[in-house]
Amino acid sequence: MKIVLSIFRSFIRHDCLNLAENIAFGALLAIIPIGMMMVSIAGYFLGGSADAFDQVVAMATNILPVGRDTFVANLQSILSQRSSLGIVGVGFLVFIATLLTSSIERSLDIVFKAVKRRNFFHSRLLGIALIFWVTLLFSLPTMAQILEGLLARTGFNFPLSEFMAGKSFFMLVAFLAYVMTVVVIPNPKVYIRYAAVGGVLFALGLGVAKFLFRWYMLFAISRYNVIFGSLAAAVLIVVWVYYLAVVLLFTAELVAELQARRLFHRRGPEEISKED
């Protein structure tokens, strides 16, 4: 009970609700450039832009309960004009994409009480690397289908894609993406054993939040359309990312509290003698 109260106090003391707002704002600017980067990365490994685009759309469908059509339309628009952007334009979009990871890094540094922050270029390179690895995780179902086709020619049938198309695989990817983010992004060292605990709760919280958000939209979508008109989809995406950011930061506070208490550390003889 003391741990739970301490987590809530830290959540309030670190002003995590406002930090979640910063992450949601960064996501609003970065979601389309990130989608473009994911199509390019997935296309390189999958061997075709059409398969890569379908994979990114499938990922958006899993992550975004609302606003899928708006995301797809804007992504198609920018991809159709990609050749006219030039190196400077593409570089600017990559920089915009890292605004989201930078917001997450700043928030996690506060949660884990970083003494010193990374420099600008190091931070941006980590953001690009994180987008790269998350894209690979979400591209695994398509890669599995390709592998199944190759194995089927040799007479070996292994239904790997069926597992990767289910909700359980999405929860597994959410868990791995969370652990990767919490271990790699903040400047202070975070142990995988503690990040894994937060990852389990984050994956479960993501599933619950997704269900509740869709249920809420059944009653509230008409109000958003009246108030925001054509901007309703974009506003709902921001609201959804805000909810995700709150879950992310709350579970990060849990990880920080567990690590500060060193609950899963092996205690040496010196530590035990101090307690005695």
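Now for a description of the structure that goes with this document. (Residues numbered from 1 in each chain as written. Predicted model: local features only at pLDDT ≥ 70, side-chain atom pairs only at ≥ 80, totals over all residues. Heavy atoms only, no water.)

## A closer look at the packing of helix H9 (residues 192–228) against helix H10 (residues 232–261)
- Here H9 crosses H10 at 155°, and the two axes come no closer than 9 Å. Here H9 lies roughly antiparallel to H10, going by the angle between them. The element H9 and its partner H10 pack so that their crossing is right-handed.
- Partitioning the contact of H9 with H10 into residue classes produces 24 nonpolar, 5 polar and 1 charged. (Axes fitted to C-alpha atoms, helices over the stretch in contact; angles between N-to-C directions. Helix = DSSP H or I, 4+ residues; strand = E, 2+ residues; numbered from the N terminus. Parallel < 35°, antiparallel > 145°, perpendicular 65-115°, else oblique. Left-handed = near helix turned anticlockwise from the far one by under 90°. Nonpolar A, V, L, I, M, F, W, Y, C, P; charged D, E, K, R; others polar.)

## Observations concerning the nonpolar core
- Counting residues in each nonpolar core, the largest one holds 35 residues, and the members touching the most others are Phe112 and Leu249.
- Counting only elements with at least two residues in this core, the list comes to helix H1 (2–13), helix H2 (16–46), helix H5 (86–111), helix H6 (120–153), helix H8 (167–184), H9 and H10.
- Sort the elements by how many residues they give to this core and H10 lands first, with 10 residues.
- Not counting the four nearest positions on each side in its chain, Phe112 is found in contact with Val182, Pro186, Pro188, Val190, Ala252, Val255 and Ala256.
- Core analysis: the next-biggest nonpolar cluster, separate from the first, contains 14 residues, Ala174, Met217, Ala220 and Val239 among them. (Core = buried A, V, L, I, M, F, W, Y, C linked by side-chain atoms within 4.5 Å. Buried < 20%, exposed > 50% of the residue type's maximum accessible area, 1.4 Å probe, protein only. Contact = heavy atoms within 4.5 Å.)

## Focus: the pattern of salt bridges
- Summed over all chains, the structure comprises 3 salt bridges.
- Taking the shortest distance from any N to any O, the salt bridge between Arg118 and Glu105 comes out at 3.3 Å. With Arg118 in the loop between H5 and H6 and Glu105 in helix H5, this residue pair connects regions lying 13 residues apart in the sequence. Taken individually, Arg118 and Glu105 each receive the classification buried, so the pair is uniform in this respect.
- Where Glu257 meets Arg261, a salt bridge forms, and the shortest distance between an N and an O atom there is 2.6 Å. (Salt bridge = Lys/Arg side-chain N within 4 Å of Asp/Glu carboxyl O.)

## Remarks on a nonpolar patch on the surface
- A grouping of Trp215, Tyr216, Leu218 and Phe219 is seen on the molecular surface, where their side chains present a nonpolar patch of about 480 Å² in accessible area.
- Along the chain, the position of Leu218 falls in helix H9. (Patch = residues over 30% accessible without salt bridge, like charges linked within 9 Å, V, L, I, M, F, W, Y side chains within 5 Å. Areas by Shrake-Rupley, 256 points an atom, 1.4 Å probe, with all protein chains shown as cover.)

## Thoughts on the side chain of Gln259
- Assignment of secondary structure puts Gln259 in helix H10.
- The contacts of Gln259, once residues within four sequence positions are left out, are Lys189, Val190, Tyr191 and Tyr194.

## Topic: the packing of aromatic side chains
- For the structure shown, the criterion picks out 8 aromatic pairs.
- Both rings, one in Tyr191 and one in Tyr194, keep their centres 6.2 Å apart while their planes meet at 75°; by these two values the pair is edge-to-face.
- Among the residues examined, Tyr194 registers a relative accessible area of 0% and is labelled buried.
- The interplanar angle of 50° and the centroid separation of 6.3 Å between the aromatic rings of Tyr242 and Tyr243 together place this pair among those described as tilted.
- An aromatic cluster is built from Phe213, Trp240, Tyr242 and Tyr243, whose rings are joined through pairwise contacts. (Phe/Tyr/Trp six-rings, centres within 6.5 Å; stacked < 30°, edge-to-face > 60°.)

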